[in-house]
Amino acid sequence: MRVHQAYRYALDPTPAQAVALFSHGGAARFVFNWALARIKAALSQREAEKTYGVPAKLLTEVPWSLYALRRLWNAAKNGVAPWWAENSKEAYNSGLDGVARALKNWSASRNGTRAGKKVGFPRFKSKHRTIPACRFTTGTLRVEADRHHVTLPRLGTIRTCESTRKLARHLERGTGRILSATVRLEGGRWFVAFTCQIDRPERVPSRRGAVVGVDLGVKDLAVLSTGEVVPNPKHHRTALRRLRRLNRQLARRVGPRTPDGGRREASARWLKAKAALGKAHARVANQRRDGLHKLTTCLAGTYGTVVVEDLNVSGMLANRRLARAVADAGMGEVRRQLTYKTGWSGGRLIVADRWYPSSKTCSGCGAVKAKLPLSERTYNCAACGLVLGRDLNAALNLAALAADVAQSCGETLNARGGAVSPGVRARLAPVKRELPKGRTLPRQRGGSLILTGKH
């Protein structure tokens, strides 16, 4: 199976190499702003010419594509940036590619051909708020034989903080090829991410025929239909006391903004406090990322079929009372990781429809409640008397949905062998079933777990 996979390593550059990394990131930002200024000037000139009655064929051309922007930059770089030779040409190509992608996304969103929220017209990148980053697609992109150094164009050989043996083994065996490398500053540390083409062996989950329903939440990160509960570590909530203290320290320092909104030079203590705050936030993000990867890897490698819900995470973030807890859980990231990991592991992913009432449906008899507020953490079925934990009941319904999907539409789109195909949406909704008079409802259905009392 040939897939695109990224390998990310933390760098340990020398002071001179750190300066060069910042220079490449600044060059990408500079050419981005330069290209955007030229595009806006051409658009303004074009609108002015229309008011003068200039024919459409004679209007000023707008450099919209990457090829046009690159040709324009090569013609003007000696006068605009006489220092351009100090950095790799890939730094300037990164900025031009960013402008071209932003314009393409804006145009597609405006025409209605791009899904998701509306994308605005690209804006200039500020020196103080932009994260330095640069992408290399050509030149020397190599992992050294000692597995503790990487080589990048114009930057030379840089030491890594961790071993690169996983990527090095693929390169040595000929099962991997580096396509690009992106350097980025996060939390005061430089990272390099190699995008590679990897030939992965065909794999089969350890329990190929097993089905598991995964109900994601805030109180517990995940409740499985097997009865297993994955607690929510709440990394951001744990670090909130330290984050508040660092924010107060930062507010007491002399920052780059004056009380009336003007700009000034920030003090050294403000820069130090800002760096400490950034490291604290990066630590929380790394802890959350590590836990989610462990969870999704275990699910994809163990169960042949994984069933999750299509949660409206962006809508949940609009609730000011739940936004912090929802963002701290990372439920959207779980869905994204399961999408490609199930394909890599030889399993399949089923995504239940967003309106599928998994929590309101009784896993014992199939009756559906009209309303079920979030405050009710225990599901009580008035029809069959089932008493079960709300999240476990939802997970059992999701697991039962896999059989309905297999009978109605066969294999899912993300079947075994699919690399990164998205999971199919199971557009099935149970209906409230009523039995004839004189018949009693069963207490158990098909091995579903039924508990009495509070769970």
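Residues numbered from 1 in each chain as written. Predicted model: local features only at pLDDT ≥ 70, side-chain atom pairs only at ≥ 80, totals over all residues. Heavy atoms only, no water.

Draft legend 1. Quick peek at the pairing of strand E2 (residues 133-136). Of the two faces of E2, the one holding Cys134 and Phe136 is buried and the one holding Ala133 and Arg135 is not buried anywhere. Both E2 and strand E6 (residues 176-186) contribute to a ladder of 4 bridges, which runs antiparallel. Looking across to E6, one finds that Phe136 is bridged to Ala181. (Buried < 20%, exposed > 50% of the residue type's maximum accessible area, 1.4 Å probe, protein only. Helix = DSSP H or I, 4+ residues; strand = E, 2+ residues; numbered from the N terminus. Pairing = 2+ DSSP bridges.)

Draft legend 2. Summary view of a positive patch on the surface. A contiguous patch of positive charge, built from Arg241, Arg242, Arg244, Arg245, Arg248, Arg252, Arg283 and Arg324, is present on the exposed surface. Broken down by element, the residue count for the positive patch peaks at 6 residues, all from helix H6 (residues 240-252). With respect to the element layout, Arg283 can be found in helix H7 (residues 268-302). (Patch = residues over 30% accessible without salt bridge, like charges linked within 9 Å, V, L, I, M, F, W, Y side chains within 5 Å. Areas by Shrake-Rupley, 256 points an atom, 1.4 Å probe, with all protein chains shown as cover. Salt bridge = Lys/Arg side-chain N within 4 Å of Asp/Glu carboxyl O. Lys, Arg positive; Asp, Glu negative; His and termini not counted. Charge placed at Lys NZ, Arg CZ, Asp CG, Glu CD.)

Draft legend 3. Here's a closer look at the sheet that holds strand E5 (residues 156-159). Taken in spatial order, the 3 strands line up as E3-E4-E5 in an open sheet, and their pairing is antiparallel. Pairing within the sheet leaves two strands with one partner each, and these edge strands are strand E3 (142-143) and E5. In terms of strand pairing, strand E4 (residues 149-152) meets E5 through 4 bridges, oriented antiparallel. Directly across from Leu152, in E5, lies its bridge partner Gly156.

Draft legend 4. Looking closely at the nonpolar core. Ranked by internal contacts, the top residues of the largest apolar core, which has 44 residues, are Leu152, Val183, Val192 and Phe194. In terms of residue count, helix H1 (residues 15-51) provides more of this core than any other element does, 8 residues in total. Those residues in contact with Val192, other than ones at most four positions away along the chain, are Tyr7, Arg8, Tyr9, Leu11, Leu152, Ala181, Thr182 and Val183. (Core = buried A, V, L, I, M, F, W, Y, C linked by side-chain atoms within 4.5 Å. Contact = heavy atoms within 4.5 Å.)

Draft legend 5. Here's a closer look at unusual backbone geometry. In the Ramachandran plot, Arg147 falls in the positive-phi region, its phi being about 65° despite a non-glycine side chain. Summarising the element assignment, Arg147 is placed in the loop between E3 and E4. Although it is not a glycine, Arg154 sits at a positive phi angle of roughly 65°.

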